[in-house]
Amino acid sequence: NAGVTQTPKFRVLKTGQSMTLLCAQDMNHEYMYWYRQDPGMGLRLIHYSVGEGTTAKGEVPDGYNVSRLKKQNFLLGLESAAPSQTSVYFCASSWGLTTDTQYFGPGTRLTVL
Amino acid sequence: KNQVEQSPQSLIILEGKNCTLQCNYTVSPFSNLRWYKQDTGRGPVSLTIMTFSENTKSNGRYTATLDADTKQSSLHITASQLSDSASYICVVRPPGGSYIPTFGRGTSLIVHP
């Protein structure tokens, strides 16, 4: 079991460029999440999914889009990257939505110049 | 706005010593309160979870307590080990249909030999 994996691990973008972060889980979890973690701040939920084909907005969704075409994958897209999106992005998955443990990936460090 | 405040911001202790980390929250009532451990460069890993009605929960050398009256939780680490060096994050999830948790900024713990 690989658990939750994220691709890529590091990325540097120029302002205005686009990219997609891939999250994959092999635990057959129904729920998946994208968070960002900034220095001096707690993790913040960007978007989440309650099942294949569904997505919902979290606390800080602006500037991001997501898709869940397959149950095991959750993609986070930046259409036009901005320096404010420089952050470490974490994907997580869980069986349930409120009490069940979320399993986190190793993170993607993104720098937007 | 829901808030989760953790103290101290950082803590240095000697191996074998005990320590206690604090979490004050404004979310009340809540669905659950969870403590995570996050090693440098990795995603958070769940240590304990408590519901609104629970007072204490243990996981090996980690014991979390909850005082709903004062809206405080603490994480006590017994007989610290070098591997306990990490950031410890308190997370509160609101009740009902809101899936957006509030993360604290974390306490950075360094255990010295």
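A. Looking closely at the state of the cysteines. Tallied over the full model, the rule gives two disulfides over all chains. Here A:Cys23 engages in a disulfide with A:Cys91; their sulfurs sit 1.9 Å apart. One quick way to see it: the torsion about the S-S bond of A:Cys23 and A:Cys91 is about -75°, and its sign makes the bridge left-handed. Taken together, the positions of A:Cys23 in strand β3 (residues 19–25) and A:Cys91 in strand β9 (residues 87–94) put the pair 68 residues apart, joining distant regions of the chain. Take A:Cys23: its relative accessible area is 0%, and that puts it in the buried class. Through a disulfide, B:Cys23 is tied to B:Cys90; the S-S separation comes to 2.1 Å. As the torsion about the S-S bond is roughly -65°, the B:Cys23-B:Cys90 disulfide counts as left-handed. Remark: B:Cys90 occurs in strand β9 (residues 86–93) and B:Cys23 occurs in strand β3 (residues 19–25); sequence separation between them is 67 residues.

B. Spatial organisation of the pattern of salt bridges. A full pass over the atoms with the stated rule returns six salt bridges over all chains. Of the charged contacts in the structure, one is a salt bridge between A:Arg44 and A:Asp38, with a shortest N-O distance of 2.7 Å. Each member of the pair, A:Arg44 as well as A:Asp38, carries the same accessibility label: buried. Two residues, B:Lys57 and B:Glu54, come together in a salt bridge whose shortest N-O distance is 3.5 Å. Each of A:Arg36, A:Asp38 and A:Arg44 takes part in one network of salt bridges that share partners.

C. Geometry of the sheet that holds strand β8 (residues 73–78) of chain A. Residue and element names in this part refer to chain A. Spatially, the four strands line up as an open sheet ordered β1-β3-β8-β7, and their pairing is antiparallel. Either end of the sheet is taken by a strand with one partner, and the two such strands are β1 (4–7) and β7 (65–67). Within this sheet the neighbouring strands show an average axis-to-axis angle of 20°, counted without direction. Bridge count between β1 and β3: four bridges; the pairing is antiparallel. Each bridged residue has a counterpart across the sheet, and for valine 4 the counterpart in β3 is glutamine 25.

D. Up close: the packing of aromatic side chains. Residue and element names in this part refer to chain A. Inspection of the entire model under this criterion finds nine aromatic pairs over all chains. The interplanar angle of 65° and the centroid separation of 5.8 Å between the aromatic rings of tyrosine 64 and tyrosine 89 together place this pair among those described as edge-to-face. Placement of the pair is tyrosine 64 in the loop between β6 (56–57) and β7 and tyrosine 89 in strand β9, with a sequence separation of 25 residues. For tyrosine 89, a relative accessible area of 0% corresponds to the buried category.

The rules we used
Residues numbered from 1 in each chain as written. Chains lettered and ligands numbered in written order. Predicted model: local features only at pLDDT ≥ 70, side-chain atom pairs only at ≥ 80, totals over all residues. Heavy atoms only, no water. Disulfide = S-S within 2.5 Å. Helix = DSSP H or I, 4+ residues; strand = E, 2+ residues; numbered from the N terminus. Buried < 20%, exposed > 50% of the residue type's maximum accessible area, 1.4 Å probe, protein only. Salt bridge = Lys/Arg side-chain N within 4 Å of Asp/Glu carboxyl O. Pairing = 2+ DSSP bridges. Axes fitted to C-alpha atoms, helices over the stretch in contact; angles between N-to-C directions. Phe/Tyr/Trp six-rings, centres within 6.5 Å; stacked < 30°, edge-to-face > 60°.

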